[in-house]
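What follows is each chain in one-letter form.
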Amino acid sequence: AATFTFLYFCLGFAIVNGSKAAVGFVGENAVPRPTLGGSYINKASIQEHIDDVLFLINSGIDEIKKALYCVDNVFTLKLIGFFFALSLVGRIFPDLVLAYLIFLALFLGPITYEKNQEKIDEYIDKARKEAAVHYEKGMVVAKEKAGKLKDTIAEKGTPLLEKNPRLREMAERAGFTPQKKTM
């Protein structure tokens, strides 16, 4: 966003001052003068939307608190994943390029979908099926790894819990008491 803002102001500066320099060639009225000091927003127009704005602000604050205080761990993890993905995208694409791509997607996406709806739907279905296959494979591997991790925790954690009764009590309350592995 900083790069975009910088370039926007540089471009505006160049256009306005270039226009002022060209006044001798194009005439005095070619460069409009801004009207300053006017009332841009009136109280009545804000009053109409104040309830909606307050609702959005309060809802946003609630969502931020839910994430920061881990009220819903799934939501917090999704938010962490979103911001991680956003940081990866930010490393690949600078702000200005990302803004341009979003601009293109907003205006070209609907037109492209209308013209190629059948093909796009077909590719989306293929991608969903492929993602489901990879998800299932990932879940099998994750369950296998989780089982091995649970065994390792039980093996290495049990001696620590036996030595420290307070730690064992905390682990039992949290539901993390490992069972000894019997052979």
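Nothing here was measured: the structure is a model prediction, and the numbers come from that model.

### So, a nonpolar patch on the surface
- A grouping of Val89, Ile92, Phe93, Val97, Tyr100, Leu101, Ile102, Phe103, Leu106, Phe107 and Leu108 is seen on the molecular surface, where their side chains present a nonpolar patch of about 1100 Å² in accessible area.
- Elements with a contribution of two residues or more to the nonpolar patch: helix H4 (73–92) and helix H5 (95–115).
- Residue placement: Val97 occurs in helix H5.
- When its relative accessible area of 36% is taken as the criterion, Val97 is described as partly exposed.

### Points about the packing of aromatic side chains
- This model, assessed by the stated rule, comprises two aromatic pairs.
- A centroid spacing of 5.3 Å and a plane angle of 70° characterise the contact between Phe82 and Phe83, whose relative ring orientation is edge-to-face.
- Taking relative accessible area as the criterion, Phe83 reaches 47% and is therefore assigned partly exposed.
- Seen in terms of ring centroids, Phe103 and Phe107 are 4.8 Å apart; in terms of plane orientation they differ by 55°. Their pairing is tilted. Residue Phe103 and its partner Phe107 are both found in helix H5; the two are separated by four residues, about one turn of the helix.
- Between Lys66 and the ring centre of Phe75, over which it is positioned, the NZ or CZ distance is 5.3 Å.

Parameters at a glance
- Residues numbered from 1 in each chain as written.
- Predicted model: local features only at pLDDT ≥ 70, side-chain atom pairs only at ≥ 80, totals over all residues.
- Heavy atoms only, no water.
- Patch = residues over 30% accessible without salt bridge, like charges linked within 9 Å, V, L, I, M, F, W, Y side chains within 5 Å.
- Areas by Shrake-Rupley, 256 points an atom, 1.4 Å probe, with all protein chains shown as cover.
- Salt bridge = Lys/Arg side-chain N within 4 Å of Asp/Glu carboxyl O.
- Helix = DSSP H or I, 4+ residues; strand = E, 2+ residues; numbered from the N terminus.
- Buried < 20%, exposed > 50% of the residue type's maximum accessible area, 1.4 Å probe, protein only.
- Phe/Tyr/Trp six-rings, centres within 6.5 Å; stacked < 30°, edge-to-face > 60°.
- Lys NZ or Arg CZ within 6 Å of the ring centre and 35° of its normal.

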